[in-house]
Structure formats: structure tokens, C-alpha cells
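Each chain is listed here by its residues.
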Amino acid sequence: MAKLHRGTLHRQVWLWSGALLLALAVLAACTLTPIADTRVWQEDELRELRTLSLDALKPLPPDPSNAVADNPAAAALGERIFFDARFSGNGAVSCASCHAPERHFTDGRPFGVGMGVIPLNAMTLVGASYSPWQTWNGKADSQWAQVLHPLEHPLEHGGNRTLYAHLLAEHYAGDYTALFGPLPDLADATRFPRNAGPVDDIAASLAWEQMSFADQNAINRVFANLGKTLAAYERTLLPQPARFDRYVASLDANGRPQGESLLSDDEIAGLRIFIGKGKCTNCHNGPRFTNDAFHNTAIPGAPDVPLQRGRIDGIARVQSDIFNCLGPYSDAAPEACTGLRFMVTTGDTLLGGMKTPTLRNVAETGPYMHTGQFATLAAVIEHYNSGGFALQGHNELEPLNLTAQEATQLEAFLRTLTEIP
């Protein structure tokens, strides 16, 4: 074998030594430089997470239109009536028929079922008292005004105003009087028929028209007060902490979780998507995960159900409602009715625009959307991921282009919003 020249040998040894030193340096750099920890949040991210936590939820704002809104006796009476099926046309439907406590005050069905089938999904009542507008299209500007709609709707409770006044007199007279003063003397059936009101039932409607204006006004007052007790109870239905809230509380000032791991890696990844690529906080922001606004996001129609026109119909309804904040049965001074007075009444998203629902307890309050079009959270995410065409009005939806893994992670995060028993 040929011998290597001494200079050549030295040169090769030097090259090998240099290569070895370089390799050792790279290895040391890899060892000493930590891989970015996906569990650590930057300052701006941490600030946003804290706005979503229940710790950021402000005290429930007063309802100036309801003088007994925060009266414990009114809430107690409202709770009893909430579960009382006598307050319906057939004596078998209560508020809890569609708003069951064990389902976070929803019913688990695409459509509500009362005296008939109501082609709308029952929204949760948890935290609803914070919202300035009630129902999917915002047709009521208070909870007490909202509850009056289903009480007279033929497919929901199917009753009428004088029926409810008689029921209050027969079963809750003492409680009512303690809150509002004496009930009208309903003994004269010619003045106060058992069934009368401006409802679809022809006999009840004719009986209402034959009543004097003064007697109609007296019954309307009782009807409004009934709504105010129910609203007082509903104001006690507040969101409770979930794993997400405990996770945010575990983060230190540098965005590092302390103590035991409260969210999995996939759940944390889903949270990052929620506040980032998914753009979910554009509408689902704040500690209730809703902006209480109305949006047209190209939700498909439900089979055999007429299209809901959304906010554009809600505006007309709330403006004409004698039980709104500016109406004669409101306890508010006109200047206190800022929501109604300064309501947005024009815009290209009103047609087809539906209220942004809360995401609190969302994993347990399906099916989803205003007519229960989507059975699962995965189906909801797929709709927002792929986009769609609005059947009416202006489409605000832009495809998210999430990968399958990202969609799964986003769903995993949403499941952390279920309150802890």
C-alpha cells in the first residue's frame, strides 16, 4: 500500500479533527437550545385568553325594564312557574319542556316540541341574561318580553293572557300580590273570560276584542308581571367554570401553566387555532364566547322548513312589541332603553343574520344552528372550514382551510368549555 506523505497525513488529520469538532458543536447546540414549548403563551395571547375566561365576566347588568329582575322572591316564584305545566293550553307544557336543566337548559332536539313542533332550535338560557337581544333573531329586548312569546304561541305553550291571569289567581295569588299588589277581580267571567287574548285561537281572540280597553290593560299588566318573574329566575342561570377557565387560571405572568396539566396537547393546539387560524373569536369572544351580534354565515336550510329571514324580521318584531323597553308595561325610563333606541336597523347582514350563540357547554347542547341543521360539532366545523353559499342575504363566511388534524384539535378544545359538575 502506498505510504501517505507526512504533510498529507497531517492535513487529513486536521480535516477529520475539524469535522469532529463541528459535529460536537452542532450536537451541543441542539442539546443546549430548547425546542419551542407550545404550552407557553406569548403576552398578547395570554391577554386574549384572559378575556375569554369566566374570571373576566362582569356582574350581570341591571334590567331597568324589570323592577323585580333581581328580587329573590320574584326569582323563586318564577322558578316554580318555569316548571309548572299548567301554564299552557293543554296543561302539559312547561318552560322546562324545551329548556331542561340537565341539558344546560336546552332540549337536545333540532326543533322544540310543545303543543306542536316549533321549527327552531331551543337556545340555552345559561348566561342569556347578559344579552341585549333574545332568541335567534333578537325579536325581544328583554327576557321578560321574550318569555311572553312562547306562552301565547300556538305551537309552544298555546295559552292566552286571561288564562294565565286566572292560573296566577288560583295557584300563586299570595306570591303575586306580595310582589305586584292585588290581582284584578277575575270573578266576573263576562269581563275576564277564562280564555281571551290576541292569539290565533278564534274564540279567544274574539273574547279579547269584546273586553274593554281598561280590562285588557289590566290583564296585559298581569301578563307582563308573569314574564318578569320568569326573567328573574332566568337571571340566576349563570355560566359556571369549565376546564378551560381553570387552565387559564393556571397560567403564570409569563404564560406558563403551573401545576398539573389541565388541557391535553391537542386541546391546547385547538385553543391556538380558536384564537388564531380559525378566526373564531371574530364572533365568539368574551367570557361567554359570543358577541351577541347577528351574522349571516351561509347556514343551509333545514328540510321542509321555510327559510328564516333572521335579524331583519327580529327588528320589526321588537319595534312593534307593546312589551318592549319603551312600551307601557316596562319599568324603565325611556332614556334607559339605549339598546332599543339605538338599535342597528340597516345593513347587508340583517337578512339571514342569526344571533351568535354562546359556546359555553357547546359539546352538550347540540344539535346546532337555528334549526338544528348540524348534528355534531364536527359537522359545524366542517361547514365553517369549507365555506358555503348564503341562501339569502350577504354571506360573511370565508373558508378556514383547516387540515383534518386541526379540525379535530379545534373540536377537542370546544369540549373543554363544558362546565365542571
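Residues numbered from 1 in each chain as written. Predicted model: local features only at pLDDT ≥ 70, side-chain atom pairs only at ≥ 80, totals over all residues. Heavy atoms only, no water.

Caption draft 1: Looking closely at the overall build of the protein. Counting secondary structure elements, the protein contains 14 helices and four strands. Computed over the C-alpha atoms, the radius of gyration of the protein is 29 Å, more than 25% above the 22 Å expected from 2.2 N^0.38 for a compact globule of 421 residues. Overall, the C-alpha framework of the protein stretches about 130 × 45 × 40 Å when taken along its three principal axes. Residues counted as buried form 49% of the 421 residues belonging to the protein. The contacts in the protein between residues at least 6 apart in sequence include a share of 72% that link residues at least 24 apart. Accessible surface computed for the protein: about 20900 Å², of which carbon and sulfur atoms make up 57%. Separation of charge centres in the protein, based on 32 positive and 44 negative side chains, amounts to 9 Å. (Helix = DSSP H or I, 4+ residues; strand = E, 2+ residues; numbered from the N terminus. Rg over C-alpha atoms; globule rule 2.2 N^0.38 Å. Buried < 20%, exposed > 50% of the residue type's maximum accessible area, 1.4 Å probe, protein only. Contact = heavy atoms within 4.5 Å. Areas by Shrake-Rupley, 256 points an atom, 1.4 Å probe, with all protein chains shown as cover. Lys, Arg positive; Asp, Glu negative; His and termini not counted. Charge placed at Lys NZ, Arg CZ, Asp CG, Glu CD.)

Caption draft 2: A look at the pattern of salt bridges. Overall, the coordinates contain 16 salt bridges when judged by the stated rule. A salt bridge links D175 to R80, with the nearest nitrogen and oxygen atoms 2.9 Å apart. In this pair, D175 sits in helix α6 (residues 173–180) while R80 sits in helix α3 (residues 72–82), placing the two residues 95 residues apart along the sequence. On the basis of relative accessible area, R80 is assigned to the partly exposed category, the value being 43%. A salt bridge links R109 to D107; the nearest nitrogen and oxygen atoms lie 3.4 Å apart. (Salt bridge = Lys/Arg side-chain N within 4 Å of Asp/Glu carboxyl O.)

Caption draft 3: View of the side chain of D321. Summarising the element assignment, D321 is placed in the loop between α11 (311–320) and α12 (338–341). Although buried, D321 forms no salt bridge, and the nearest oppositely charged side chain, R317, lies 6.0 Å from it.

Caption draft 4: Quick peek at helix α8 (residues 213–234). For α8, which comprises 22 residues, the first-to-last C-alpha distance of 31 Å matches the rise-based estimate of 32 Å (1.5 Å per residue) to within 8%. Counted residue by residue, α8 has 17 buried out of 22 residues, so it is predominantly covered. (Expected span 1.5 Å × (residues − 1).)

Caption draft 5: Looking closely at the side chain of E411. If you trace the backbone, E411 turns up in helix α14 (residues 404–414). Accessibility expressed as a relative area gives 17% for E411, which makes it buried. E411 has contacts with L377, A378 and I381, leaving out every residue within four places of it along the chain.

Caption draft 6: Highlighting the packing of helix α2 (residues 43–52) against helix α10 (residues 265–275). The contact between α2 and α10 brings their axes to 11 Å, and the two run at 90°. As far as their axial angle goes, α10 and α2 are roughly perpendicular. Along the contact surface, α2 presents E45, E48, L49 and L52, while α10 presents L271, R272, F274 and I275. Here the contact of α2 with α10 is built from residues that sort into five nonpolar, no polar and three charged. (Axes fitted to C-alpha atoms, helices over the stretch in contact; angles between N-to-C directions. Parallel < 35°, antiparallel > 145°, perpendicular 65-115°, else oblique. Nonpolar A, V, L, I, M, F, W, Y, C, P; charged D, E, K, R; others polar.)

Caption draft 7: Quick peek at the packing of aromatic side chains. Following the criterion strictly, the structure yields 15 aromatic pairs and no others. Taken together, a centroid distance of 6.2 Å and an interplanar angle of 5° make the contact between Y164 and F223 stacked. Residue Y164 is found in helix α5 (residues 161–171), and its partner F223 is found in helix α8; the two are separated by 59 residues along the sequence. The exposure class of Y164 is buried, given its relative accessible area of 1%. (Phe/Tyr/Trp six-rings, centres within 6.5 Å; stacked < 30°, edge-to-face > 60°.)

Caption draft 8: View of the state of the cysteines. Under the defined criterion, the tally for this structure stands at one disulfide. Covalently, C325 is tied to C337 through a disulfide, its sulfur atoms 2.1 Å apart. In this structure, the disulfide formed by C325 and C337 twists by about -75° around the S-S bond and is classed as left-handed. Here the residue C325 occupies a position in the loop between α11 and α12, and C337 occupies one in the loop between α11 and α12, the gap between them amounting to 12 residues. Overall, the relative accessible area of 2% leaves C337 in the buried class. Among the cysteines around C98, which has no disulfide bond, C95 carries the closest sulfur, lying 9.2 Å off. C283 takes part in no disulfide bond, and the closest cysteine sulfur, belonging to C280, lies 9.3 Å away. (Disulfide = S-S within 2.5 Å.)

Caption draft 9: Quick peek at the confidence of the model for the protein. Here the protein averages 92 in pLDDT, while 91% of its residues score no lower than 70. Below a pLDDT of 50 lies the segment residues 1–36, which in the model reaches two contacts outside its immediate sequence neighbourhood of four places, other chains included. (pLDDT = per-residue confidence, 0-100.)

Caption draft 10: Representation of α10 in the model. E267, I268, G270, L271, I273, F274 and I275 are the residues of α10 that are buried. In the core, the buried residues of α10 are packed alongside α2, α9 (243–250) and α14.

Caption draft 11: Molecular detail of the packing of α3 against α6. It is the contact of α3 with α6, at a shortest axis distance of 10 Å, that shows an interaxial angle of 145°. Crossing angle aside, the handedness with which α3 passes α6 is left-handed. Between α3 and α6, the residues in contact are A73, A74, L77 and R80 and D175, Y176 and L179, respectively. (Left-handed = near helix turned anticlockwise from the far one by under 90°.)

Caption draft 12: Molecular detail of unusual backbone geometry. Cis geometry marks the peptide bond from G366 to P367; its omega dihedral reads -5°. With respect to the helices, strands and loops of the structure, P367 is situated in the loop between β4 (354–355) and α13 (377–386). With phi around 60°, F289 is a residue other than glycine that occupies positive phi space. In this structure, F289 sits in the loop between α10 and β3 (294–295). Backbone geometry places A298, a non-glycine residue, at a positive phi of 60°. Along the chain, A298 turns up in the loop between β3 and α11.

Caption draft 13: The arrangement of the environment of L46 in detail. On the secondary structure map, L46 appears in helix α2. A sequence separation of 58 residues divides L46 from H104, and the C-alpha atoms of the two residues are 29 Å apart. Leaving out residues up to four positions away in the same chain, L46 has contacts with W41, L251, D252, A253 and G255.

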